[in-house]
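Examination of the molecular architecture
Read off the chains here:
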Amino acid sequence: MGSIDLVPRPRQFDEQRVLSAVQAAFWDKGYAGTSLEDLLAASGLGKGSLYGAFGDKKSLFLRVLREYDEANDHMLRAWLEQADRGIDVIRDFVTGPVCDPRGEQARRGCLLANTAMELSASAAEVAAEARRSYASTTAALSDAIRRAQREGDVAPHLDPDVTARAVLSGQLGLIMLGRIGQDPAALSATATALLDSLLPAP
């Protein structure tokens, strides 16, 4: 009787490429609107290979969402470390989602924000991930505000934590308005007014 080889065979695909392609599919169509056929077409895998590697649709989506959030968290922290001034990070955070003059980026929105609006009420895991990610974003924004205060660009009387939550709330409002097709010029003007209101100079 011959021996059975129990060593698992290596995956014959690029995992990160597959996750990036699946992320784009979910981002463009939302969780409910993305079918199994969409995921198979995006990934280039069969159902057995896709679900065998990543679990079912929900598990795959949560994996993609967590990686998206962690990448954004790392990017914001690196941005703060490399920026010439703290105020630049806050301004770019608010204006970034609405800076495309054609409005295409604004209409696509943010994967986390889109997901939170679609699923938080019905999926506890999504709500928990959104809270975790937004808490991390708020902490980074608080650090940016403290730095901007030390650098003399933001009024010293502001509470950095409260202001950071207000900045995040304002940015999420802009994302929502962009998703529904608000005029790009109006979004840009709103972003400027929001910054002027929340971050007065000394």
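So, how was this worked out
- Residues numbered from 1 in each chain as written.
- Predicted model: local features only at pLDDT ≥ 70, side-chain atom pairs only at ≥ 80, totals over all residues.
- Heavy atoms only, no water.
- Salt bridge = Lys/Arg side-chain N within 4 Å of Asp/Glu carboxyl O.
- Helix = DSSP H or I, 4+ residues; strand = E, 2+ residues; numbered from the N terminus.
- Buried < 20%, exposed > 50% of the residue type's maximum accessible area, 1.4 Å probe, protein only.
- Patch = residues over 30% accessible without salt bridge, like charges linked within 9 Å, V, L, I, M, F, W, Y side chains within 5 Å.
- Areas by Shrake-Rupley, 256 points an atom, 1.4 Å probe, with all protein chains shown as cover.
- Axes fitted to C-alpha atoms, helices over the stretch in contact; angles between N-to-C directions.
- Parallel < 35°, antiparallel > 145°, perpendicular 65-115°, else oblique.
- Contact = heavy atoms within 4.5 Å.
- Nonpolar A, V, L, I, M, F, W, Y, C, P; charged D, E, K, R; others polar.

On to the pattern of salt bridges. Inspection of every chain in the model, using the stated rule, returns 16 salt bridges. Across the pair Glu-129 and Arg-66 runs a salt bridge, and its minimum N-O distance is 3.5 Å. Here Glu-129 is found in helix α8 (residues 124–150), whereas its partner Arg-66 is found in helix α4 (residues 57–82), with 63 residues between them in sequence. A residue is classified by how much of its surface remains accessible, and Glu-129, at 8% relative accessible area, is buried. Here Glu-104 makes a salt bridge to Arg-102, at a shortest N to O gap of 3.9 Å. Judged by relative accessible area, which is 45%, Glu-104 ranks as partly exposed.

Another point: a nonpolar patch on the surface. On the surface, Met-117, Met-176 and Ile-180 cluster together into a nonpolar patch covering about 320 Å² of accessible area. You can see Met-117 is positioned in helix α7 (residues 111–119).

Right, let's get into the packing of helix α9 (residues 160–179) against helix α10 (residues 184–198). As a packed pair, α9 and α10 sit with axes 11 Å apart at the nearest point and diverge in direction by 170°. In terms of orientation, α9 lies roughly antiparallel with respect to α10. In this structure, α9 contributes Thr-163, Ala-166, Val-167, Gly-170, Gln-171, Leu-174, Leu-177 and Gly-178 to the contact, and α10 contributes Leu-187, Thr-190, Ala-191, Leu-194 and Leu-198. Split by residue class, the contact of α9 with α10 holds eight nonpolar, five polar and no charged.

Any functional reading would require information that these geometric values do not contain.
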